[in-house]
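# Structural overview
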Amino acid sequence: MPRKSGDFVKVEYIENGLSDRQKQEVWEILCQCDKEFIPPLSARNSTSQNQLLAGTGKDSAPHAYFAEMIKQNFILTVVDNRVVGFMTFKKAYSCPELESFGESLYVTTVCIKHNLRGKGLLTKMYREIEHNVTRKLGCFRISTRTWSKNHAQIHVLMKLGYRQVAIIKNDRGEGIDTIYFGKHVDLDD
Ligand SMILES: CC(C)(COP(=O)(O)OP(=O)(O)OC[C@H]1O[C@@H](n2cnc3c(N)ncnc32)[C@H](O)[C@@H]1OP(=O)(O)O)[C@@H](O)C(=O)NCCC(=O)NCCS
């Protein structure tokens, strides 16, 4: 298993679609992380659902969420030829909360397997989208959203220079806000 920032960790933007095996590994990680999300992914209909509290929560696994997510763009973290984490994003994304920010690469989901957290893998995936994907796709704005109690993710975003673009108070329950973040990537970075 990798140490912090281990050299044999591969973080790559997938341009030609996921293999069936990679899809299966992504699904397993999504299921492992499902209940850590607020609200759980299995209670949502899509990756950009507006009414976050409106999910029925009747599905015990995040099938609907996965079905939409798998059509998106992927960055994978791979160790020993197995997927251990992923980032999904949409191109040319806009929504009312991000209107002032402009169209961007919108990161919809990030997950890292439990046993490999705290080793800088999410940070590596953000570096990949910032330094490689922006240039390939010609879009230099990156955005995402998360809930206010997701301290690890917010720590990474702030560390990398993302700024808060919008906050929706109590969007995910009393005292749990939705926060939109954005960053203009500087070509000289
Ligand atoms: C969020 C998540 C992707 C982070 O992945 P990761 O690979 O562990 O992230 P990194 O190792 O790159 O960075 C984590 C940072 O958060 C910090 N951190 C961890 N817990 C923290 C906390 N409770 N408060 C503040 N900072 C915290 C770590 O110290 C580290 O900072 P550092 O690099 O400056 O030392 C992972 O926890 C995860 O998969 N969570 C479940 C899914 C999720 O919440 N996804 C986000 C919503 S889409």
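All values reported here derive from a predicted model rather than from experimental measurement.

### What about the sheet that holds strand β3 (residues 82-93)?
An order of β1-β2-β3-β4-β5-β7-β6 is seen for the seven strands of this open sheet, with the pairing classed as mixed. Both outer strands of the open sheet, β1 (9-14) and β6 (163-168), are each paired with one neighbouring strand and no more. Between one strand axis and the next, the sheet turns through 25° on average, direction left out of account. In this structure, β3 lies alongside strand β4 (residues 104-112), joined through seven bridges in antiparallel fashion. The partner of F86 across the bridge, within β4, is C111.

### Regarding the nonpolar core
Counting residues in hydrophobic clusters, the biggest one holds 30 residues, and the most contacted among them are I75, F86, M87, M125 and I129. Of all elements in the fold, only α1 (20-33), α2 (63-69), β2 (73-79), β3, β4 and α3 (121-137) reach the threshold of two or more residues within this core. In contact with F86, other than residues within four places in its own chain, are V26, I29, F74, I75, L76, T77 and C111. The next biggest cluster of nonpolar side chains, apart from the first, holds seven residues, and it includes L157, Y162, I179 and Y180.

### Examining unusual backbone geometry
For residues besides glycine, phi is generally negative; the peptide bonds are generally trans as well. The residue after I38, namely P39, is reached through a cis peptide bond having omega -10°. Within the secondary structure, P39 is located in the loop between α1 and α2. Residue A92 is not a glycine yet carries a positive backbone phi of 50°. Here A92 is to be found in strand β3. Exposure remark for A92: the 10 C-beta atoms within 10 Å place this residue in the exposed category.

### Section: the site of the ligand
The full set close to the ligand counts 21 residues, and R117, L122, T123, H151 and H155 are the nearest of them. Contributing elements (two or more residues each) for the shell around the ligand: β4, α3 and α4 (151-159). In terms of residue class, the shell around the ligand is made up of eight nonpolar, nine polar and four charged.

### Looking at α1
The α-helix winds at 3.6 residues per turn, so residues separated by three or four positions along the chain end up facing the same way. With 14 residues, α1 should reach 20 Å at 1.5 Å per residue; the first-to-last C-alpha distance of 20 Å fits that figure. Residues of α1 that are buried sit in contact with α2, β3 and β4.

### Here we look at the pairing of β3
The sheet contact formed by β2 and β3 spans seven bridges and is antiparallel. Its bridge partner being in β3, N73 is matched across the sheet by F89.

### A look at the environment of L137
Its location among the elements puts L137 in helix α3. We classify L137 as partly exposed; it has 15 C-beta atoms within 10 Å. The spacing of L137 and A92 is 45 residues in sequence and 9.8 Å in space, taken between C-alpha atoms. Once residues within four sequence positions are removed from consideration, L137 is found in contact with K91 and L105.

### Notes on the environment of S143
As for its placement among the helices and strands, S143 is situated in strand β5 (residues 141-147). Its 25 C-beta neighbours within 10 Å are what place S143 among the buried residues. For the pair S143 and K183, spaced 40 residues apart in sequence, the C-alpha to C-alpha distance is 6.5 Å. Those residues in contact with S143 that lie beyond four places of it in its chain are Y93, L98, F101, S104, Y106, V165, Y180, F181 and G182.

Definitions and cut-offs
- Residues numbered from 1 in each chain as written.
- Predicted model: local features only at pLDDT ≥ 70, side-chain atom pairs only at ≥ 80, totals over all residues.
- Pairing = 2+ DSSP bridges.
- Helix = DSSP H or I, 4+ residues; strand = E, 2+ residues; numbered from the N terminus.
- Axes fitted to C-alpha atoms, helices over the stretch in contact; angles between N-to-C directions.
- Core = buried A, V, L, I, M, F, W, Y, C linked by C-beta atoms within 7 Å.
- Buried ≥ 20, exposed ≤ 12 C-beta atoms within 10 Å, placed from the backbone.
- Contact = placed C-beta atoms within 7 Å.
- Near = placed C-beta within 6 Å.
- Nonpolar A, V, L, I, M, F, W, Y, C, P; charged D, E, K, R; others polar.
- Expected span 1.5 Å × (residues − 1).

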